Amino acid sequence: ETGVTQTPRHLVMGMTNKKSLKCEQHLGHNAMYWYKQSAKKPLELMFVYNFKEQTENNSVPSRFSPECPNSSHLFLHLHTLQPEDSALYLCASSHPEGSGGNNEQFFGPGTRLTVL
Amino acid sequence: AQSVTQLDSQVPVFEEAPVELRCNYSSSVSVYLFWYVQYPNQGLQLLLKYLSGSTLVKGINGFEAEFNKSQTSFHLRKPSVHISDTAEYFCAVTSNSNSGYALNFGKGTSLLVTP
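Every chain begins its residue count from 1, and numbering advances along the sequence as written. As they are written, the chains are lettered A onward and the ligands numbered 1 onward, keeping that order. The predicted nature of this model means local features are confined to residues of pLDDT at least 70 and side-chain atom pairs, given and counted, to a pLDDT of 80 or more, with totals for whole chains, interfaces and linings taken over all residues. Think of the side-chain values as coming from all heavy atoms in the structure, minus any hydrogens and water.

1. Side note on the interface of chain A and chain B
1) Next: On the side of chain B, 20 residues touch chain A, which itself brings 22 residues to the contact.
2) Next: A carboxyl oxygen of Asp or Glu within 4 Å of a side-chain nitrogen of Lys or Arg is what we treat as a salt bridge. Our enumeration of links across chain A and chain B arrives at one salt bridge.
3) Next: Between Lys49(B) and Glu104(A) there is a salt bridge, with its nearest N and O atoms 2.4 Å apart.
4) Next: For the purposes of these results, a polar contact is taken to be a pair of N or O atoms within 3.5 Å, where, inside protein, one atom must be able to donate a hydrogen and its partner to accept one; residues adjacent in sequence count only when each atom of the pair is a side-chain atom. Where chain A meets chain B, there are four residue pairs in polar contact (both at pLDDT 80 or more).
5) Next: Secondary structure elements with two or more residues in the side of chain A that touches chain B: β4 (31–37), β5 (44–50) and β9 (87–94) of chain A. When checking whether two residues touch, look at their non-hydrogen atoms; a contact exists if any pair is within 4.5 Å. For the purposes of this entry, the term helix denotes a DSSP run of H or I that reaches at least four residues, the term strand denotes a run of E that reaches at least two, and both are numbered from the N terminus.

2. A closer look at unusual backbone geometry
Residues other than glycine predominantly adopt negative phi, and peptide bonds predominantly adopt the trans conformation.
1) Next: The linkage connecting Thr7(A) with the following residue, Pro8(A), adopts the cis geometry, with an omega of -10 degrees.
2) Next: Along the polypeptide, Pro8(A) turns up in the loop between β1 (4–7) and β2 (10–13).
3) Next: At Glu16(B), a position not held by glycine, the phi torsion is positive, near 75 degrees.
4) Next: Counting through the fold element by element, Glu16(B) comes out in the loop between β2 (10–14) and β3 (19–21).

3. Considering the nonpolar core
1) Next: Counting 28 residues, the largest nonpolar core has Trp35(B), Leu48(B), Phe74(B), Leu76(B) and Tyr89(B) as its most contacted members.
2) Next: Taken together, the elements giving at least two residues each to this core come down to β2, β3, β5 (31–38), β6 (44–50), β8 (64–68), β9 (73–78), β10 (87–95) and β12 (109–114) of chain B.
3) Next: By nonpolar core we mean a set of buried residues, namely Ala, Val, Leu, Ile, Met, Phe, Trp, Tyr and Cys, connected to one another through side-chain atoms within 4.5 Å. Only protein chains enter the accessibility calculation, which uses a 1.4 Å probe. A residue is then buried if its area is under 20% of the maximum for its type, exposed if over 50%, and partly exposed in between. Among the nonpolar cores identified, the runner-up in size contains 22 residues, and Leu11(A), Met13(A), Leu21(A) and Ala87(A) belong to it.

4. Focus on the state of the cysteines
1) Next: Throughout, a disulfide means two cysteine sulfur atoms within 2.5 Å of one another. A complete count under the given rule lists two disulfides over all chains for this structure.
2) Next: Between the sulfur of Cys23(A) and that of Cys91(A) lies a disulfide, 1.9 Å long from S to S. On the sign convention where negative means left-handed, the S-S torsion of about -75 degrees between Cys23(A) and Cys91(A) marks this disulfide as left-handed. One end of the pair, Cys23(A), is in strand β3 (residues 18–25); the other, Cys91(A), is in strand β9, and 68 residues separate them in sequence.
3) Next: What makes Cys91(A) buried here is its relative accessible area of 0%.
4) Next: Covalently, Cys23(B) is tied to Cys91(B) through a disulfide, its sulfur atoms 2.0 Å apart. Here the S-S torsion is close to -65 degrees, and the disulfide linking Cys23(B) with Cys91(B) is therefore left-handed. Of the two residues, Cys23(B) sits in the loop between β3 and β4 (24–26) while Cys91(B) sits in strand β10, which places them 68 residues apart along the sequence. The two residues Cys23(B) and Cys91(B) agree in class, both being buried.
5) Next: With no disulfide of its own, Cys68(A) lies closest to Cys91(A) among cysteine sulfurs, the gap being 9.0 Å.

Listed below in structure tokens is the structure:
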């Protein structure tokens, strides 16, 4: 596969469930991102990882827990979510400025999450 | 810090008509600017980008944008739209002196092309 892939593409879960979203990039990038896209709202940056280190946590509730085991993989662990967490979760990767890049971000297709 | 304002939340247009989607940014330093497109139920795809050099940037699918530093704008244009251009369009900005790594996105403009 090429580019940025995300699994699953669709997920329905109850508020007491625990699930994980997976993102994988095949572009050799150093930085990876999680965004939340809700209906009628702008893209919200959630987390940024650069060289596997978290560099930004945009005041995200603790029921969202990111994990970046290496520069190619990014996970978002979910537990005790609320219905308002239903959204499209997008993963992206880039070569950030300072690593020879210009921070052009490449996006995956997203995971459509529904919390019942 | 940088920010982006997309002045129009929705732009309806007839097929084969020209279109302009407006984007203004605020920044005290040099910027990189991007336009992304999102088709229904898909992720974001890069249309074009301005890094430096020529202020007129050409992208995919016949789109172009012009960087205007004095007006702090980066409007997206297409001379003749197709039904398939119906999508959400996002303008984004980052800086070459940005201590972080993230893009700042606008709220998006929904382009609706009708026959």
